[in-house]
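# Residue-level structural notes
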Amino acid sequence: MSPQHFRHEVADVVKKTRDFLEAQRQLGLDFLPGGPEMPEPEKPRSERELLLSGTLTLQATRQVLGECTRCKLHPHRTQIVFGVGNPQADLVFVGEAPGADEDAQGEPFVGRAGQLLTRMIEAIGLRREEVYICNVLKCRPPNNRTPESDEIASCEPFLIAQLKAIKPKLICALGGIAVSALLKAKTPLSKLRGKFHDYYGIPLLVTYHPAYLLRNPNEKKTAWQDLQLLQRDYTRLTGRPLR
Ligand code: URA
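Structure report, in brief. (Residues numbered from 1 in each chain as written. Predicted model: local features only at pLDDT ≥ 70, side-chain atom pairs only at ≥ 80, totals over all residues. Heavy atoms only, no water.)

## Quick notes on the overall build of the protein
Within the protein, the regular secondary structure consists of ten helices and six strands. For 243 residues, the compact-globule estimate of 2.2 N^0.38 gives 18 Å, and the protein exceeds it by more than 25% at 27 Å. Sorting the 243 residues of the protein into buried and exposed places 41% on the buried side. Restricting the contact set of the protein to residue pairs at least 6 apart, pairs at least 24 apart contribute 68%. When the accessible surface of the protein is totalled, it reaches about 13900 Å², and 53% of it is carbon and sulfur. Treating the 34 positive side-chain charges of the protein as one cloud and the 28 negative ones as another, the clouds have centres 6 Å apart. (Helix = DSSP H or I, 4+ residues; strand = E, 2+ residues; numbered from the N terminus. Rg over C-alpha atoms; globule rule 2.2 N^0.38 Å. Buried < 20%, exposed > 50% of the residue type's maximum accessible area, 1.4 Å probe, protein only. Contact = heavy atoms within 4.5 Å. Areas by Shrake-Rupley, 256 points an atom, 1.4 Å probe, with all protein chains shown as cover. Lys, Arg positive; Asp, Glu negative; His and termini not counted. Charge placed at Lys NZ, Arg CZ, Asp CG, Glu CD.)

Written out as structure tokens, the structure is:
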């Protein structure tokens, strides 16, 4: 075929295609199957992206967690301690990690420190069932040792997903591990407590961990001053009166 003939053939194919597409357009078909205007299929998300997306409910977050083996704590636990309370709570308490009682019962803050936390919640005029309680870690570290940074890192997306699902109006971080996980702060707790900080637009109060208060009862007065800040702002921020 001569070059001139070839150009002629190409021009003819282009014209026929254009006419065909125009006829299709007039019939109401404004994209070609497989063409550039086809909606893109959803890209598979990474688990982390999904957890941070804010699209998961509390129950769905628990399902994604499954029988977790993501960090080295899983062989030591009896059961996962995910969280307890009102899924629409205005106030969320975040502790450190389950202890022996929590590991045995599957519920956070049920041991001695938990009983103190329940009294602290009641002291501000709320009931335990009205708030949500969870921990940075969902599994008990062996012998209640301090959580390690790799364990915190693998559990953190689940805490974030819990907070995004609940959308509380207030958060109370109990102790140094919760504070550093949430605020990424290295400042000592004594300098951070007693005031609200900003957690992505949610006021976050820092106070002592109830287990610390059991060991240092003279600090209970200080913790009570912190809790009074929650009490002071709860109704203003939630529109709900306290008892
Ligand atoms: N201490 C915590 O930080 N969390 C619990 O659930 C119990 C004790």
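## Quick notes on the pattern of salt bridges
Side chains bearing opposite charge may pair, as long as their charged atoms lie close to each other. Summed over the entire model, instances satisfying the criterion amount to 19 salt bridges. Between K72 and E148 there is a salt bridge, with the nearest N and O atoms lying 2.9 Å from each other. Here E148 lies in the loop between β3 (132-135) and α6 (149-166) and K72 lies in the loop between α3 (58-65) and β1 (84-85), a separation of 76 residues in the sequence. A residue is classified by how much of its surface remains accessible, and E148, at 32% relative accessible area, is partly exposed. A salt bridge links E130 to R243; the nearest nitrogen and oxygen atoms lie 3.4 Å apart. Placement of the pair is E130 in the loop between α5 (112-123) and β3 and R243 in the segment after α10 (220-238), with a sequence separation of 113 residues. Residue classification places E130 among the partly exposed positions, given a relative accessible area of 25%. (Salt bridge = Lys/Arg side-chain N within 4 Å of Asp/Glu carboxyl O.)

## Considering the packing of α6 against helix α7 (residues 176-183)
Angle between the axes and distance between the axes are the two parameters that describe a pair of packed helices. The contact between α6 and α7 brings their axes to 11 Å, and the two run at 75°. Compared by their axis directions, α6 and α7 come out roughly perpendicular. Contacts from I152, E156, L159 and L163 in α6 reach I177, A181 and L182 in α7. (Axes fitted to C-alpha atoms, helices over the stretch in contact; angles between N-to-C directions. Parallel < 35°, antiparallel > 145°, perpendicular 65-115°, else oblique.)

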